[in-house]
Amino acid sequence: MNTTCAIALLALSLELAPTPAAAAPPAVAAVQLAPGDLKWMPAPPVLPKGVQLAVLSGNPFAEGFATLRLKIPPHTTFAPHWHPTAEGFTVLQGTFHVGMGDQVDKAAAKALPAMSYASLPAMHHHYAYTADEGVVIDLSFYGPFQIHYVHPADDPSRVAATKP
């Protein structure tokens, strides 16, 4: 066998050789929740007043994938904002109105009825609102959850902090 063939065989054997196993990811428990299993709580103050959430999976305040269910009351507006990671949501109940940009423009928003889905890339400026009915959505993202309002004065936690 010549040297070139020997080198080629050695290279091929190195490519096919098993590599040491990487550290196994932490075990994730299976999740199965019926509606009565959900533990509803008020959303953090950075979300509009009256919004409730239930954690379906993951920890929304830690690094990793998480899914939340949100109950959004009628006549609720999420002012223009963005997130550092992508998000996706499914409308389960009601009609959720979603628009893109730095100002709420109800004429430009898209009405998403129940069974609709939306996926928004990281740092994409958007807004959303409900009309005369409440809305329930499932929201999935890579945490920790962060929301940055395009206009800082629109942050509900700042508004609440300035009220006497």
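All figures in this text were calculated on a predicted structure; none of them were measured in a lab.

Draft legend 1. View of the sheet that holds strand E11 (residues 148-149). The strand order across the open sheet formed by five strands is E7-E6-E9-E4-E11, and the pairing between neighbours is antiparallel. The outermost strands of the open sheet, each flanked by one partner alone, are strand E7 (110-112) and E11. One ladder, built from three bridges, connects strand E4 (residues 77-82) with strand E9 (residues 126-130); its direction is antiparallel. Note that in E9 the partner of His 81 across the bridge is His 126.

Draft legend 2. View of the pairing of strand E3 (residues 64-72). With five bridges connecting them, strand E2 (residues 52-57) and E3 associate as antiparallel partners. Along E3, the bridge assignment pairs Leu 53 with Leu 70. Between E2 and E3, which pair antiparallel in sequence order, lie six residues; one of them, Gly 58, sits at a positive phi of approximately 75°. In terms of strand pairing, E3 meets strand E10 (residues 135-143) through nine bridges, oriented antiparallel. Bridging from a neighbouring strand, Leu 70 pairs with Ile 137 of E10.

Draft legend 3. Broad picture of the environment of Ala 86. Mapped onto the elements, Ala 86 comes out in the loop between E4 and strand E5 (87-93). Exposure remark for Ala 86: the relative accessible area of 42% places this residue in the partly exposed category. C-alpha separation for the pair Ala 86 and His 124, spaced 38 residues apart in sequence, amounts to 8.3 Å. Residues in contact with Ala 86, not counting those within four places in the same chain, are Leu 120, Pro 121, Ala 122, Ser 140, Phe 141 and Tyr 142.

Draft legend 4. Main features of the side chain of His 83. Along the polypeptide, His 83 turns up in the loop between E4 and E5. By relative accessible area, which is 7% here, His 83 ends up buried. Here the side chain of His 83 touches Gln 146 through a polar contact of 2.8 Å, landing on its backbone oxygen. When near neighbours in sequence (up to four residues on either side) are disregarded, His 83 contacts Ala 122, Met 123, His 126, Phe 145, Gln 146 and Ile 147.

Draft legend 5. Structural view of the packing of aromatic side chains. Within this structure, the stated rule accounts for three aromatic pairs. Seen from their ring centres, Phe 141 and Phe 145 are 5.5 Å apart, and the 65° between their planes marks the pair as edge-to-face. Across the ring face of Trp 40, the terminal group of Lys 71 is positioned such that the distance to the ring centre comes to 4.4 Å. Positioned over the ring face of Tyr 129 is Lys 106, at 4.6 Å from the centre of the ring.

Draft legend 6. Layout of the sheet that holds E3. Here we have six strands laid out as an open sheet, ordered E1-E2-E3-E10-E5-E8, and antiparallel in their pairing. Strands at the two margins of the open sheet, each flanked by one partner only, are strand E1 (41-42) and strand E8 (117-120).

Draft legend 7. How the structure looks around the pattern of salt bridges. Inspection of every chain in the model, using the stated rule, returns one salt bridge. Arg 69 is the partner of Asp 138 in a salt bridge, and the nearest nitrogen-oxygen pair spans 2.6 Å. Highlighted residues: Asp 138 in strand E10 and Arg 69 in strand E3, separated in sequence by 69 residues.

Draft legend 8. The confidence of the model for the chain, seen in detail. Per-residue confidence for the chain gives a mean pLDDT of 86; residues scoring 70 or more make up 80%. When the criterion is pLDDT under 50, residues 3-19 qualifies, and its contacts beyond four places in sequence or with other chains add up to two contacts.

Draft legend 9. Inspection of unusual backbone geometry at higher detail. Here the amide bond leading from Gly 143 into Pro 144 is cis, since omega sits at 10°, within 30 degrees of zero. As for its placement among the helices and strands, Pro 144 is situated in the loop between E10 and E11. Of note in the backbone geometry, Met 115 takes a positive phi value of approximately 80° without being a glycine. Structurally, Met 115 is set in the loop between E7 and E8.

The rules we used
- Residues numbered from 1 in each chain as written.
- Predicted model: local features only at pLDDT ≥ 70, side-chain atom pairs only at ≥ 80, totals over all residues.
- Heavy atoms only, no water.
- Pairing = 2+ DSSP bridges.
- Helix = DSSP H or I, 4+ residues; strand = E, 2+ residues; numbered from the N terminus.
- Buried < 20%, exposed > 50% of the residue type's maximum accessible area, 1.4 Å probe, protein only.
- Contact = heavy atoms within 4.5 Å.
- Polar contact = N/O pair within 3.5 Å; in protein donor to acceptor, adjacent residues only side chain to side chain.
- Phe/Tyr/Trp six-rings, centres within 6.5 Å; stacked < 30°, edge-to-face > 60°.
- Lys NZ or Arg CZ within 6 Å of the ring centre and 35° of its normal.
- Salt bridge = Lys/Arg side-chain N within 4 Å of Asp/Glu carboxyl O.
- pLDDT = per-residue confidence, 0-100.

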